[in-house]
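Structural description and commentary
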Amino acid sequence: MEKAKVYFTDFRTKLGEGLPTKLKRLLRQAGIGQIDMDGKFVAIKMHFGELGNLGFLRPNYAKAVADVAKELGGRPFLTDCNTLYPGSRKNALEHLYCAWENGFTPMTVGCPILIGDGLKGTDDIAVPVQGGTYIKEAKIGRAVMDADVFISLTHFKGHEMVGFGGAIKNIGMGCGSRAGKKDQHSNGKPTIHAEACRGCRACERECANGGLQFDAQAKKMRVDEAACVGCGRCIGACNFDAIEFQSDAATKELNCRIAEYAKAVVDGRPCFHVSLVMDITPNCDCHSENDTAILPDVGMFASSDPLALDQACVDACLRSDPLPGSQLVDQMARADFCDHHDHFENTTPNAEYKTCLAHADRIGLGTRAYELIVMK
């Protein structure tokens, strides 16, 4: 396969040009103008950050991307899908309040904000995965798939399970509905915590397989293990966090599922991808806190190929020196430290990302071979 073009610029600025303006210039040089956005709905997928976390991308960068889309005639909106875990983004109302509190409003970003999988995380669509091994149909937020053009805007950082959170993670896991996230994280079936169950039976109405039964005497729901297919629909129906799936998909399989979900999102329509390698925290922005950065800020990357983009970002990080006082340096100072010759695996030794990149290459999500084009 021909090398993909990945465009890069650092965070240095000159008098009169701030970073949002420089980002706009990078997008144009990377070829975003070749996409026909005239009158089209443009989904800009990003992470609004969990409450308490300050490592997420500032709204100013989102506005820069939205501004360029509008200049090209597009009708952009920022989007993300609800989370599987209980937190401040598990339904659309809490998710929007979280986004607003973290600074993302139509006024600050210059476009609407839509939660991709609806109020309870159940508004999704089954999307075939061409060449998929683990996922035949991905459950993707409907608003994400209804868009004519898809743009990912990613905060590239570490991740406690999959090594780093880059474009593929942002797209694959991020665009999955609550059931889709369960699809990637777990092969299992739900547990209903009786103390939290209100007996409202809302979950029962979402179950198409008779996998839930109501105990009239106890006034609680229970799982029928024989009938349950583990689809995850019940999660979105429960407003009381009474239903839980264990995250039991092994890391390497999880990586493959994420890559296949990402392929479902981008196949068959114009796409563009942006990653900002800054505030490289050891963990995901889904945490309600953020640790100090493990590596110095690198720069801004853009490409039409999400796999090449991730490869370029991780390569740049591996060329950087660890920051003193970080989790990475603490790990390296341990008496039992085993050097993986990889900053992300050294930070979180149980994490692994190479499987994701290899599987993404195998299924045709993109190419790992790239040409880096530097913009001053």
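What counts, and where the lines are drawn
- Every chain begins its residue count from 1, and numbering advances along the sequence as written.
- In keeping with the model being predicted, local features are shown solely for residues with a pLDDT of at least 70 and side-chain atom pairs are shown and tallied solely at 80 or more, while totals for entire chains, interfaces and linings include all residues.
- Think of the side-chain values as coming from all heavy atoms in the structure, minus any hydrogens and water.
- A patch consists of residues whose relative accessible area exceeds 30% and which take part in no salt bridge; residues with like charges are grouped when within 9 Å of each other, and nonpolar side chains (Val, Leu, Ile, Met, Phe, Trp, Tyr) when within 5 Å.
- Accessibility throughout is a Shrake-Rupley quantity obtained with a 1.4 Å probe, and a residue counts as covered only by protein chains that appear here.
- Here, a salt bridge means any side-chain nitrogen of Lys or Arg that lies within 4 Å of a carboxyl oxygen of Asp or Glu.
- Labels follow the DSSP assignment, with helices taken as runs of H or I lasting at least four residues and strands as runs of E lasting at least two, numbered in each case from the N terminus.
- Whether two strands pair comes down to DSSP finding at least two bridges between them.
- Angular values range over 0 to 180 degrees, each being the angle between N-to-C directions of two axes fitted as lines to C-alpha atoms, with helices fitted over their stretch in contact.
- When describing relative orientation, an angle under 35 degrees is termed roughly parallel and one over 145 degrees roughly antiparallel, while 65 to 115 degrees is termed roughly perpendicular and anything else oblique.
- We call two residues contacting when some pair of their heavy atoms lies within 4.5 Å.
- Under the convention adopted here, Pro, Cys and the residues Ala, Val, Leu, Ile, Met, Phe, Trp and Tyr are nonpolar, Asp, Glu, Lys and Arg are charged, and Gly plus all remaining residues are polar.
- For every residue, the accessible area (1.4 Å probe, protein chains only) is compared with the maximum for its type, and the residue is labelled buried under 20%, exposed over 50%, or partly exposed between those bounds.
- The criterion is simple. A nonpolar core is a set of buried Ala, Val, Leu, Ile, Met, Phe, Trp, Tyr and Cys residues joined through side-chain atoms within 4.5 Å.
- For the purpose of counting charges, residues Lys and Arg are taken to be positive, whereas Asp and Glu are taken to be negative. His and the chain ends are not included.
- Whenever two N or O atoms come within 3.5 Å, that pair is a polar contact, provided that in protein one can donate a hydrogen and the other can accept it, and provided that, for residues adjacent in sequence, both atoms are side-chain atoms.

The grouping of Leu-93, Tyr-97, Trp-100 and Leu-119 at the surface amounts to a nonpolar patch, some 460 Å² of accessible area in total. Within the fold, Leu-119 resides in the loop between strand E4 (113-115) and strand E5 (124-128).

Right, let's get into the pairing of strand E10 (residues 212-215). Taken together, the four bridges between E10 and strand E11 (residues 220-223) define a ladder with antiparallel strand orientation. The residue bridging Asp-215 from the neighbouring strand is Lys-220, located in E11. In textbook terms, the turn of a hairpin is the stretch between consecutive antiparallel strands, and for E10 and E11 this stretch comprises four residues, one of which, Lys-219, has a positive phi near 55 degrees.

A word on the packing of helix H6 (residues 167-175) against helix H11 (residues 306-318). Contact geometry of H6 with H11 gives a least axis separation of 8 Å together with a crossing angle of 130 degrees. Relative to H11, the element H6 lies oblique. Residues Ala-167, Ile-168 and Ile-171 of H6 form the contact with H11, whose own contacting residues are Pro-306, Leu-307, Leu-309 and Asp-310. Broken down by class, the residue content of the contact of H6 with H11 amounts to six nonpolar, no polar and one charged.

Moving on, we get to helix H1 (residues 19-29). Since the α-helix advances by 3.6 residues per turn, residues separated by three or four positions end up pointing in the same direction. Within H1, the full set of buried residues consists of Leu-19, Lys-22, Leu-23, Lys-24, Leu-26 and Leu-27. On its buried side, H1 packs onto strand E1 (4-9), helix H2 (59-71), strand E13 (271-277) and strand E14 (299-303).

Under the defined criterion, the tally for this structure stands at 20 salt bridges. Among the ionic pairs, Arg-89 bridges to Glu-50, the shortest N-O distance being 3.0 Å. Residue Arg-89 is located in the loop between strand E3 (75-80) and helix H3 (92-101), and its partner Glu-50 is located in the loop between strand E2 (41-45) and H2; the two are separated by 39 residues in the primary sequence. Classification of Arg-89 by relative accessible area gives buried; the value is 1%. What makes Glu-50 buried here is its relative accessible area of 5%. For Arg-257, the salt bridge goes to Glu-253, with nearest N and O atoms at 2.5 Å. On the criterion of helical spacing, the pair formed by Arg-257 and Glu-253 is a turn pair, its members being four residues apart in helix H10 (residues 251-266). Through salt bridges with shared partners, one network takes in Lys-24, Lys-63, Asp-67 and Lys-70.

On to the nonpolar core, then. Membership of the largest hydrophobic core comes to 55 residues, with the highest contact counts inside it found for Ile-140, Phe-150, Ile-168, Phe-301 and Phe-344. Ignoring sequence-local partners within four residues, the contact set of Phe-344 consists of Phe-156, Lys-157, Gly-158, Gly-163, Phe-164, Ile-280, Ile-294, Leu-295, Val-314, Cys-317, Leu-318 and Tyr-353. In terms of nonpolar packing, the next biggest core, distinct from the first, is built from 43 residues, Val-68, Ala-69, Phe-104 and Met-300 among them.

Here we take up the side chain of Asp-285. Secondary-structure assignment places Asp-285 in the loop between E13 and E14. Although Asp-285 lies buried, it forms no salt bridge, and the closest oppositely charged side chain, Lys-157, sits 4.2 Å away as judged by the N-O distance. At 2.8 Å, the side chain of Asp-285 and the side chain of His-155 are in polar contact.

A large share of E13 lies buried, amounting to seven of its seven residues. Going residue by residue along E13, you find Cys-271, His-273, Ser-275 and Val-277 tucked away on one face and Phe-272, Val-274 and Leu-276 tucked away on the opposite face as well. Note: strand E7 (residues 149-159) against E13, seven bridges, orientation parallel. Pairing of Phe-156 across the sheet is with Val-277, part of E13.

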